[in-house]
Amino acid sequence: MRNALTLAICLFLNFTIKGQTSQENGLFDELERNSWYLPTADGKARLYITSLGRGDTVVSLHGGPGNNFNYLVDAVRGSTDSTCFVLFDQRGSLYSRVQDSSVRDLSLDILVDDLESLRKEIGQEKLTLFAHSFGTVLAISYYLKYPQNVRGMVLTASMPPFIPRGKTFIDLVPEFHKRIKALRNRPEVEAILRDEGLWEEEGLNKKQQSDRYKITGLASFNMIDLRNWRSFKGGRAFFNSAVEGAIGGSMPESYDIRPTLERFPITISIIQGTEDYLSADSWKLISDLLDHVSVHLIEHSSHYIWLDRAEEFNHILSSSFPWNRNRQE
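Residues numbered from 1 in each chain as written. Predicted model: local features only at pLDDT ≥ 70, side-chain atom pairs only at ≥ 80, totals over all residues. Heavy atoms only, no water.

I'd love a proper account of the overall build of the protein, names of residues and values included.
Counting its secondary structure elements, the protein contains 13 helices and eight strands. With the C-alpha coordinates of the protein rotated into their principal frame, the extents come out at 70 × 45 × 45 Å. Every one of the 329 residues in the protein was classed for burial, and the buried ones make up 48%. Looking at the protein alone, contacts between residues at least 24 apart form 72% of all its contacts between residues at least 6 apart. (Helix = DSSP H or I, 4+ residues; strand = E, 2+ residues; numbered from the N terminus. Buried < 20%, exposed > 50% of the residue type's maximum accessible area, 1.4 Å probe, protein only. Contact = heavy atoms within 4.5 Å.)

Run through the sheet that holds strand β2 (residues 46-53), naming residues and quoting values.
Strand order across the open sheet formed by eight strands is β1-β2-β4-β3-β5-β6-β7-β8, with mixed pairing between neighbours. Each end of this open sheet is capped by a strand with a single partner; those strands are β1 (36-39) and β8 (293-298). The sheet shows a mean angle of 25° between the axes of neighbouring strands, taken without regard to direction. Looking at chain direction, strand β7 (residues 267-273) and β8 are connected through six bridges and run parallel. Paired with I271 across the two strands is H296, which belongs to β8. (Pairing = 2+ DSSP bridges. Axes fitted to C-alpha atoms, helices over the stretch in contact; angles between N-to-C directions.)

Report on the environment of G234, specifying residues and quantitative values.
Topologically, G234 is positioned in the loop between α7 (206-222) and α8 (241-248). For the pair G234 and G64, spaced 170 residues apart in sequence, the C-alpha separation works out to 10.0 Å.

Any details on the nonpolar core? Residues and values, ideally.
In this structure, M153 and I268 are the most contacted members of the largest nonpolar core, which totals 55 residues. The element contributing the most residues to this core is helix α4 (residues 134-145), with seven residues. Setting aside its immediate chain neighbours within four residues, M153 contacts L129, A139, I140, Y143, I257, I266, T267, I268 and S269. Counting 38 residues, the second largest nonpolar core, distinct from the first, contains A75, M223, Y304 and F321. (Core = buried A, V, L, I, M, F, W, Y, C linked by side-chain atoms within 4.5 Å.)

Outline the environment of D195, supporting the account with residue identities and numerical values.
Topologically, D195 is positioned in helix α6 (residues 187-195). Among the residues examined, D195 registers a relative accessible area of 64% and is labelled exposed. Along the sequence, D195 and R227 sit 32 residues apart, while their C-alpha atoms lie 9.6 Å from each other.

Just give me the short version of the side chain of H303, but keep the residues and values in it.
Tracing the chain through its elements places H303 in the loop between β8 and α11 (305-308). With relative accessibility at 2%, the residue H303 sits in the buried group. Setting aside chain neighbours within four positions, we find H303 in contact with H132, S133, A157, F221, N222, D276, Y277 and L278.

Help me get a handle on the packing of aromatic side chains, residues and values and all.
In this structure the tally under the stated criterion is 15 aromatic pairs. Seen in terms of ring centroids, Y142 and Y146 are 5.2 Å apart; in terms of plane orientation they differ by 40°. Their pairing is tilted. Ring-pair connections join several aromatic residues into one group, and the members of that group are Y71, F232, Y304, W306 and F313. Over the face of the ring belonging to Y213 we find R236, whose NZ or CZ atom lies 3.9 Å from the ring centre. The ring of F162 has R258 lying over it, and the distance from NZ or CZ to the ring centre is 3.7 Å. (Phe/Tyr/Trp six-rings, centres within 6.5 Å; stacked < 30°, edge-to-face > 60°. Lys NZ or Arg CZ within 6 Å of the ring centre and 35° of its normal.)

I'd love a proper account of the packing of α6 against α7, names of residues and values included.
In the contact formed by α6 and α7, the axes pass within 10 Å of each other and the chain directions differ by 160°. Compared by their axis directions, α6 and α7 come out roughly antiparallel. The interaxial crossing formed by α6 with α7 has right-handed handedness. Contact with α6, carried on its side by V189, I192 and L193, involves R212, I215, T216 and S220 of α7 and no other residues of that element. Of the residues belonging to the contact of α6 with α7, the class tally is four nonpolar, two polar and one charged. (Parallel < 35°, antiparallel > 145°, perpendicular 65-115°, else oblique. Left-handed = near helix turned anticlockwise from the far one by under 90°. Nonpolar A, V, L, I, M, F, W, Y, C, P; charged D, E, K, R; others polar.)

Go over the confidence of the model for the protein with me, naming the residues and quoting the values.
In this model, the protein carries an average pLDDT of 93, and 92% of its residues clear a pLDDT of 70 or more. In this model, residues 5-13 is a region of pLDDT below 50 whose contacts with residues beyond four sequence positions or in other chains number zero contacts. (pLDDT = per-residue confidence, 0-100.)

So what's going on with helix α5 (residues 169-184)? Which residues, and what values?
Taking 1.5 Å as the rise per residue, α5 with 16 residues should run 22 Å; its terminal C-alpha atoms sit 23 Å apart, in good agreement. Among all positions of α5, only F169, L172, V173, F176, I180 and L183 are buried. The buried side chains of α5 occupy one side of the element, clustering within an arc of 115° when seen end-on. Facing away from the buried surface of α5 by more than 90 degrees, the exposed residues are P174, K178 and K181. (Expected span 1.5 Å × (residues − 1). Arc of directions from axis to C-beta.)

Right under this line is the structure:
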């Protein structure tokens, strides 16, 4: 009886793992099949473009700056039955590299104009944008420069929609770092390190050292349930710090989305984790005044909400797009 039960469990796990592997391979194959390159208007780079899903088009903007789009596949994969997500590496990122001598010339304005080139190339009169983290700054900046070309935006782990009067963007950064430090120092981080045999750094082999960094340097402040730390993607080989420095250094001291929202009203949906080191409070101020701006707070989640609360995130993301709302109604 015990042998039969053990065999049944092994067969179940085998089929489950095979099913997951098949699904992963299918996603990878689709991304590879749909990949292409867009030369930038100034001829200094080629943007790697691909897509996932079918239906109405949404252009996805990854975080960073200097990160790579791959990690966003987990964020959108649950919504691909009715939406085609265009995914691309922003200029200077892993798949859209520039010459080392050109990195210092990168700026947020350049990324904005690259996005406009992409809009024209894919034949979209107006863009629907899905953006994460730094990508939300890019989305907001594009909307401020090309408001007539934006249909709507879904922003997750969003940066503030405006800089308070008398402050600059740099003034907000220490508070971000304070919250990141608190998340990295919570007891759950030590607990998972001990459970994984990674608490004592001395004697760890190279893989264990990498695993330890993945927990302490990445997962610790980007997700809440650290039992799922292996699912975290991005960082290190997928991240270019020189690109981050160049584009980060070009951030505007101040910006304010509110005047543009009054003149060019669009639907904006904010999806924010309650434990995110970026606060949604300023977005809530706007949503209290404007019906077409909504804020969705997801409990027990941080910067990568889909790693903590995938089902809830997928539901809100899908229902944020007008074609899905119309279908549900």
